[in-house]
Amino acid sequence: MRFFFYIAICLGLVVFQTALIPRLPAMGNFFDLLLPLVVYLAAFRPLHESVPFVVFFGILMDTLSGGAFGLYLTSYVWLLIGVRLATSVIRADNPILLVTLILAGVLLQNFIFFGALAAAGPSLPHSGDALRVITEQTGWVLLVGPFLAVFMRHARRFMRKRMQRADAGQPAGAR
Amino acid sequence: MFSKKTVLIFAGILLITVNIIFLTITIRRPTSFGLGRVMIAFAAPFQDLASRTVKGARETWQSYFSLVSVAEENQRLRQLLGQAEEGSVLLRELDLENNRLRDLLAFQRSLPHPAIAAQIIAKDPSAWFNTVIIDKGAADGLRKGLPAVTSRGIAGQVVDVSAHQAKLMLIIDRNSAVDALVQRTRSRGIVKGADRDECYLDYVMHEDDMRVGDGVVSSGFDGVYPKGLLIGTVAAINFQGSDFFKEVRVSPSVDFDTLEEVLVILKPTPRAPTDRK
């Protein structure tokens, strides 16, 4: 069930990001919407659950993007590791931390893409263009991030309650 | 003298008789004996009040139902209007699409190879790369390396194919390169993607004659794009005396922000397609 849930959310976000956002000129440089999902999985879900999905998201995005295969996967996996490390020190429930983690994810992803472009050899983007893209994405994170953080906390509580109910419904021997 | 029973019988017969006589008289000559006016004056205000109340209630009731039906009708008309507006927008969209497809069709006839029209269904999720997903794939005869064009010029080339969709790398992608000629002077160079709005014509010798506004077309030497397809126009030329090559900025002829359909040319030049990714 959880498998289909995450896949459905992932597909919804991907469709929104690739088919709807490009038609909205004001949202041209919106940040990667899967980053908050990766942050959520990394911060609130166990590793054995988050890793397969993060890898799946990375592969899916890499196949849809024109960049070298593995760029998204790299950014997601490193974000996963970073978030796990951060949440081992600070409480993940903190909304400011969540927004910061999303912002860090956006910056990390842009850094990886920029590095890949530089390493690949073709002409690098103008610094002005790069700065504009990063600034716009940062702006979007600051604008939307707090709502996402609140939503993540609710989602976490909801999932926790559901799991508790599921545990309570199971016979003792089955646990 | 008379028993009580006899008196009661007698009184009863008298009452009936008087009653019959009274009725007989009043039937023959209708009259209220002056009481009518008084009684009417007494009762009429109440009747009037009751009548008005009932009438008011009935009118209110009827008005309410009328309002409800008007509101319903209003809602229905609004829905109809919405549908009509939606239809109008759809028609306008179809009209625009029709015009674009007519252009593509006319352009397709001018191409040396068969081509298939494809619609763009998604764009690159990243801001750093410029690829699109189109709704035609291997099942439609697409394969890696096929060029995609529009009536305005070259759009890009197929870099990945699934059964029913394909990924197209646009010429403005940084990984894209098109062998090109300046139309007027036949100077040769490589058009490379740079940004969402522009490309660069690299390897143009410093002595080559070139002006802003010159058309840049595909040379056909790269084995991907047929010769003579428009790429764009020269937008700016930077050159310093010591440079070996000119830096030429090219403005693509295709508006990639509004690109919705492309033609994928199915049989390009026979050389093996290059995978530039």
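Computed from a predicted structure; not experimentally measured.

Some details on the packing of aromatic side chains
Residue and element names in this part refer to chain A.
Logical step 1: This model, assessed by the stated rule, comprises 14 aromatic pairs over all chains.
Logical step 2: Plain terms: the ring middles of Tyr-40 and Phe-44 are 5.4 Å apart, the flat faces sit at 65° to each other, and that makes the pair edge-to-face. With a gap of four residues between them, Tyr-40 and Phe-44 both fall in helix 2 (residues 34–44), about one helical turn apart.
Logical step 3: The buried category is assigned to Tyr-40, whose relative accessible area is 6%.
Logical step 4: Among the aromatic residues, those joined into a cluster by ring pairs are Phe-5, Tyr-6, Phe-53, Phe-56 and Phe-57.

Brief notes about the confidence of the model for chain B
Logical step 1: Scored by pLDDT, chain B has a mean of 82; 86% of the residues are at 70 or more.
Logical step 2: In the model output, the complex is listed with pTM 0.66 alongside ipTM 0.72.

A short note on the pairing of strand 2 (residues 131–134) of chain B
Looking along a regular strand, one sees the side chains alternate between the two faces of the sheet.
Residue and element names in this part refer to chain B.
Logical step 1: Burial along strand 2 is two-sided: Thr-131 and Ile-133 facing one way and Val-132 and Ile-134 facing the other are all buried.
Logical step 2: Taken together, the three bridges between strand 1 (residues 115–123) and strand 2 define a ladder with antiparallel strand orientation. In the strand pairing of strand 2, Ala-122 is matched with Ile-133.
Logical step 3: Two strands pair when backbone bridges link them, and strand 2 and strand 5 (residues 166–170) are joined in this way by four bridges, in the antiparallel orientation. Residue Ile-134 lies in a different strand from strand 5, and its bridge partner there is Ala-166.

Some details on the layout of surface pockets
Residue and element names in this part refer to chain A.
Logical step 1: In this model, the second largest pocket occupies a volume close to 350 Å³.
Logical step 2: Looking at the second largest pocket, it is lined by 14 residues, and the ones nearest its centre are Ile-9, Leu-13, Leu-37, Phe-151 and Met-152.
Logical step 3: For the lining of the second largest pocket, the secondary-structure elements that each account for two or more residues are helix 1 (2–20), helix 2 and helix 6 (127–169).
Logical step 4: Element by element, the count of residues in the lining of the second largest pocket is highest for helix 6, at six residues.

Comments concerning the sheet that holds strand 9 (residues 215–218) of chain B
One key point about sheets: their strands pair by backbone hydrogen bonds, in either a parallel or an antiparallel sense.
Residue and element names in this part refer to chain B.
Logical step 1: Reading around the barrel, the six strands line up as 6-7-8-11-10-9 and close back on themselves, with antiparallel pairing between neighbours. Each strand of the sheet is rotated relative to its neighbour by a mean of 40°, with strand direction disregarded.
Logical step 2: Direction of pairing for strand 7 (residues 188–193) relative to strand 8 (residues 199–205): antiparallel, over a ladder of four bridges. Bridge assignment links Val-191 to a residue of strand 8, and that residue is Leu-201.

Definitions and cut-offs
- Residues numbered from 1 in each chain as written.
- Chains lettered and ligands numbered in written order.
- Predicted model: local features only at pLDDT ≥ 70, side-chain atom pairs only at ≥ 80, totals over all residues.
- Heavy atoms only, no water.
- Phe/Tyr/Trp six-rings, centres within 6.5 Å; stacked < 30°, edge-to-face > 60°.
- Helix = DSSP H or I, 4+ residues; strand = E, 2+ residues; numbered from the N terminus.
- Buried < 20%, exposed > 50% of the residue type's maximum accessible area, 1.4 Å probe, protein only.
- pLDDT = per-residue confidence, 0-100.
- Pairing = 2+ DSSP bridges.
- 1 Å grid on protein atoms, 1.4 Å probe; cavity = no way out; pocket = protein on both sides within 12 Å on 5 of 7 lines; lining within 4 Å.
- Points joined across faces, edges and corners; volume = space filled by probe spheres on them.
- Axes fitted to C-alpha atoms, helices over the stretch in contact; angles between N-to-C directions.

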